[in-house]
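Tertiary structure, described
The primary structure of each chain is shown beneath.
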Amino acid sequence: MEEVPAAPNEGISLSALRSQFSVNGEEGPKYGFDGSKYHYGDGTSVASQNSSQILTGYDTLDVGPNYDFYANTNAQGRVRRSRPSLFQLHSNIEEDSCPPPLYEETNTGRAPGDSSEDDVEEPQSEPTRFGWVKGVMIRCMLNIWGVILYLRLPWITAQAGIGLTWVIILLSSCITGITGLSTSAIATNGRVKGGGTYFLISRSLGPELGGSIGLIFAFANAVAVAMHTVGFAETVQALMQVMDPINDIRIIGVITVTCLLAISLAGMEWEAKVLFFIVILVSFANYIVGTIIPATPQKQAKGFFSYQADIFAENFVPNWRGPEGNFFGMFSIFFPSATGILAGANISGDLKDPTVAIPRGTLMAIFWTTLSYLIIAATIGACLVRDASGIMNDTLAMSSADSCQGLACQYGWDFTDCITNRTCTYGLSNQYQSMSLVSGFAPLITAGIFGATLSSALACLVSAPKVFQCLCKDNLYPVIGFFGKGNGKNDEPIRGYVLAYIIAVCFVLIAELNTIAPIISNFFLCSYALINFSCFHASITNSPGWRPSFRFYSKWMSLLGAVVSVIIMFLLTWWAALIAIGIVIFLLGYVLYKRPSVNWGSSVQAGSYNMALSYCVSLNQVDDHIKNYRPQCLVLTGPPSCRPALVDFVGTFTKNLSLMICGNVVTVSPSPATLDTASSNSHVTWLNKRQIKSFYHGVVANDLRTGVKMLLQVGLGRIRPNVLLTGFKRDWRKDKPSCIDNYIGILHDAFDLQYGVCVLRMREGLDVFRQGCQHQCPPCTPCKFFIYFVLVIVDPDAMVTEPQPQPSTVFQSQQGKKTIDVYWLFDDGGEIVVLNFIVPFHKSNRFYIIVRLIISTDHVLVSNFRVMDLISKFRLGFHDVEVLPDINARPQPEQYGSLSLTIYFSLFSDRLVTFPSKCVFVHQTLRQIRLNEVLQDYSRDAAIIIVTMPVGRRGQCPSALYMAWLETLSRDLRPPVLLVRGNQENVLTFYCQ
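Residues numbered from 1 in each chain as written. Predicted model: local features only at pLDDT ≥ 70, side-chain atom pairs only at ≥ 80, totals over all residues. Heavy atoms only, no water.

- An unreviewed UniProt entry lists the protein chain under the name Solute carrier family 12 member 3, with Oncorhynchus tshawytscha as the source organism.
- In its Subcellular location (unreviewed entry) section, the UniProt record describing the protein chain reads: "Cell membrane".
- What the UniProt record of the protein chain gives under Sequence similarities (unreviewed entry) is the line "Belongs to the SLC12A transporter family." (UniProt positions renumbered as here; feature names shortened; annotations may be inferred.)

Below, the structure is given as C-alpha cells:
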C-alpha cells in the first residue's frame, strides 16, 4: 500500500495533485488548479478569471493568514491579495461560474510573477525616518532640557529649597512618567500615524475630546516656542549689557523665531541633528567640573564656595520671596520643563517603528532628565548661597564679625548691606545665570543655554504644525482645513509653520518668562490629563480592540495621573484652568452637534456599548409596569427615504421617549449584494440627517409576509417593539386577491404576537418616489403592496453614493391653531389615548394644538359623568371631551351609493361565509359608513384624526371586506388619519402603584 502524502501547505498544481492521488497507476480524483480552471473531485471544472490564481490545500479557496488582508494601504507597484468572501466559500461553484480573483489588482494589473522589463518603475524616494534614540529619546531630552533648566532651576532651588525642589521635580516626573506609560500603551495599541498626541487621543477617545485637545496641544507647543525663545533672548541680552532689556528681548526673540522658522522650512534633517545634544552634555560636564574646582575670590564674592555642608543645610529649606513665592508658583514655572516627553510622539509619522520607539525613547528620556534635574538642584544648592553682592571689598572685617548676617560670614565674606537692603545682585535668589558662575568655563554654559533653548524651540515649532496638520485633515472643524495641506516628500505643513510662527511672535512680545510659563503649564496639564484618561477609559471598557503590546502600565495609575493633573491645574492658576476646560467643553459641544462622519473605533464607542448592554440586561430583572408603558414602534417603511411622512409622524412621538425601528423587507434570493442592499448604511445616514432617532433593520426573505414575521420578532430582551405601524394600502381594489391577503395577513400576524397595530393614511399618499424619487426608489414588483413595504434596489452602489433628498412633510410644518381629534370608540386598553398624549407634532406648535377626545358609549348603561370622571383620572390633558351617543345610527341614504355594491356581492359569494356572518358584516359595514359621516362632520379641519381601528376575525372576515372597512372609515378626509388598535391590555392606570 502506497504512503499517503501529507497535505501541502502551499499552492499546488494539477499535475502534482494527479501524481500524488494516483493508486495502482491510475489517476485519482482531480483536485486543484491548472492555471486556467478549478478542478473538483466529481470531474467538473470552472474557468478562472485570473490565470495566476493558485489554490491552497485540496479543493478549497481558503488561504492562510496574510498581511494584505489586514492592511489599509498598498505599496506602490505591488499587487495586493484579497481574502475570499464567505459567499465565495460556501456558494455553489457551478452556479457562480466566475469566482472573484484571489489577487486584487492595485497598480500594475498583473498577478504576482507577471513582470515586464518595460514596466519597471523607478523606486520612489523614501521619506526620512528616525529610530528610537535619535527620533524620540534625544528629541525628548532636548525638549525637556530647555530654558527652565539653565535659567530657572537654580532660582527655584533658592525659593523652595533643595527638599521642596526635589518634591517639585519628582511630582512633575510622576505626572510625566504616568503619562509616558499611558502614551506608550496607547502608541503600542496599533499602528501610529502622523499627528502625535492628537492622533493618540482622538483615536482612543474619539473626535469629541481628541479634536479639542489637538487644538490645545498645538497651541501650547506654539506658545512653548515663545517661552524657549524668550529664554534664549534673555541670555543674549545679558551678554550684551544693554539698557532697555524688555524691548531688546522682543527684538532678539522675533529675529530668533524667524531664523528657527527658516531652519524648520529647510527640512526635518536640519532639526534632528545631535549637535545640540552634544553641546548640552558638554555643558553639563563643564558644570559638574566647576562645582568641584575650588572657588576663586571672584566667585566667592558672588556667593560660590564649592561644596559645603552648611550651605546645603541652609538651602535645603525654603525661603519664599516675591509674588511667586509659594510651592505652586514654583511648580507652575518649573512644570513646562517636563512637558517635552511628547516631542517624539508628536512626529510619530516620521519614525521607523513608532510602537517601539515611542515607549522606549520616552521613558528613557524621562529617567535621564529627571536624574539630571535632581543632581543639578542638589549640587548648586550645596555650592552657592542665596545672597551675594559680587563686590570684592565685602570681606569680613574683625570689627563687624558680630553683626554679620548670612552664611557667607563663616567663609570670610560680609554681605550684610545688600541682604538688609535687598540689593544683592548675585546668589541663587538673585541671579538667573547661576550655572554660568558655578561652571568651570562659563561660555560652555552659554552654549548649552543656546543649544537647549533653540533645540526645544525647534522641537515645539515642528511639533505644533504636525499635530495641527493631522487635525486639519480630519475635517472636524471649519475653516482650519486650509492649514492641512502638506508639501514635499515628508508632507511638511508649510502653512502650519507660518501659523505657529505668528502665534510664537505674539507671545514673544510679552518678553517675560515667568508670565509665559504658567500659561503653558495649564494647557500641557490638560493634555496629560486627557492622555491618562484615554488609557484608563480604553482599559476599563474591556474592548477587544485594546491590546497594547506595552504591558507596564496600570489603568488606576492612569486615572490617578488624570485626576492629579486636573487638580494641579486649578492649584496653579484657577482662571487659566477654567479657560482651558472651557475651550475643551466648547469644542466638545461643537463636535457633538456637528457629528463628523468619522469612525475610529474609540473607547467611547466601546463604553457606550457596555453601558447599553448593561442597561438592557438590567431591564430583565424588573417586570414591565403599566406606568412605564411607552409605544415602541416597528414601522414598515421600506427604505425610509421613500416614505418620509411615515417616518416623521412616528418620530414625533418616539423621539427621546421610546423605541423606533424602520423595517425593510427585500424579497429576492440571498446574496452579498442583496444583504448590502437591505442593510445599507445610507438609510441610517438619511435618518440621522433628518434628526430622526430610529434604528433601521433590513431583512431578506423569500416573500413579504415571512420577512415581516421576522421583523415582528426582532428585539433585545425588553427592548422590543410592541406596536406595528404601516401605511394604508392605496388602490387595493386593483390588486390581486393574494396581495390583499398578504396585507391583511400581516395585520393578523401582528395581533397574534400581541402587537398593537396602527395604519396611517394620507390623502396625498406616503411614497415620495411618485413625485420624482425614482432614483431612490426603483420600480417595484407588479404587486402594488410592495410599493409600501418592499423595494428591490437595482443599483445598491448608487443608493450609497447618491445624496438622498430631505423632503418636507406635513408633520414638520407649522400647523397653526388646529385640533387633534381622538375618537376612542372601543376600549382597546388605552393605546389610542396614550399615542395622542405623546404626539407633540412640530415643537414650535405644541402650544397651539388643541387635543379633543371624542368617545362613544351607551348612554343608558354608562352615564356621561362617569366617562368624564374616567378621563379626568387618567390626567391626559384633553382640552375638550365629547360623547357621541348616536354612533350606531344608520348612515345617510346618499352614502350608500358611494360604495360599490359589486364589491360586497363578490365578497358574499364566498361559500365559507355563513348567512349569520353576512348579516354581521352588513351591520359592521354600515357602522364604518356612519363613522366616516361623523368624521366628516366633526374633524374636517383637524390637524390629524386618530380613530379606533375595527378588527376583523381571521378566517371569517374576508380580507377584501376588511380592506373595504378601513377604506370606508378613512376615505375623503383632508387631514391624515391614524387607525389605532391596541392589544386589548391596559396601558393606562390611575393608581400610584
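**Overview of the state of the cysteines**
- Inspection of the entire model under this criterion finds two disulfides.
- Here Cys 404 pairs with Cys 409 through a disulfide, and the sulfurs are 1.7 Å apart. In this structure the cystine formed by Cys 404 and Cys 409 twists about its S-S bond by roughly -85°; its chirality is therefore left-handed.
- Taking the relative accessible area as the measure of exposure, Cys 409 reaches 16% and is therefore buried.
- Note that Cys 418 is cross-linked by a disulfide to Cys 424, the S-S spacing being 2.0 Å. Taking the sign of the S-S torsion, 75° for the link of Cys 418 and Cys 424, the bridge is right-handed. (Disulfide = S-S within 2.5 Å. Buried < 20%, exposed > 50% of the residue type's maximum accessible area, 1.4 Å probe, protein only.)

**Examining the layout of surface pockets**
- Within this model, the second largest pocket holds a volume of roughly 1,400 Å³.
- As for the second largest pocket, its lining consists of 29 residues, and the residues nearest its centre are Arg 595, Pro 596, Val 598, Val 684 and Asn 688.
- Looking at the lining of the second largest pocket, the elements that each hand over two or more residues are α7 (207–240), α21 (574–594), α22 (603–619) and α25 (681–689).
- When grouped by side-chain class, the residues that make up the lining of the second largest pocket number 12 nonpolar, 11 polar and six charged. (1 Å grid on protein atoms, 1.4 Å probe; cavity = no way out; pocket = protein on both sides within 12 Å on 5 of 7 lines; lining within 4 Å. Points joined across faces, edges and corners; volume = space filled by probe spheres on them. Helix = DSSP H or I, 4+ residues; strand = E, 2+ residues; numbered from the N terminus. Nonpolar A, V, L, I, M, F, W, Y, C, P; charged D, E, K, R; others polar.)

**So, the packing of helix α5 (residues 153–187) against helix α14 (residues 354–383)**
- For the pair α5 and α14, the least separation of the axes is 10 Å and the interaxial angle reads 170°. By the angle class used here, α5 and α14 are roughly antiparallel.
- Residues belonging to the contact of α5 with α14 are distributed by class as follows: 19 nonpolar, 12 polar and no charged. (Axes fitted to C-alpha atoms, helices over the stretch in contact; angles between N-to-C directions. Parallel < 35°, antiparallel > 145°, perpendicular 65-115°, else oblique.)

**Here we look at helix α3 (residues 132–144)**
- Most pronounced at Ile 138, the bend in α3 amounts to some 25°.
- Most of α3 is tucked away, with 10 of its 13 residues classed as buried.
- Along α3, the residues that are buried comprise Gly 135, Val 136, Met 137, Ile 138, Arg 139, Cys 140, Met 141, Leu 142, Asn 143 and Ile 144. (Bend = angle between axes of the 7 residues up to and from the residue.)

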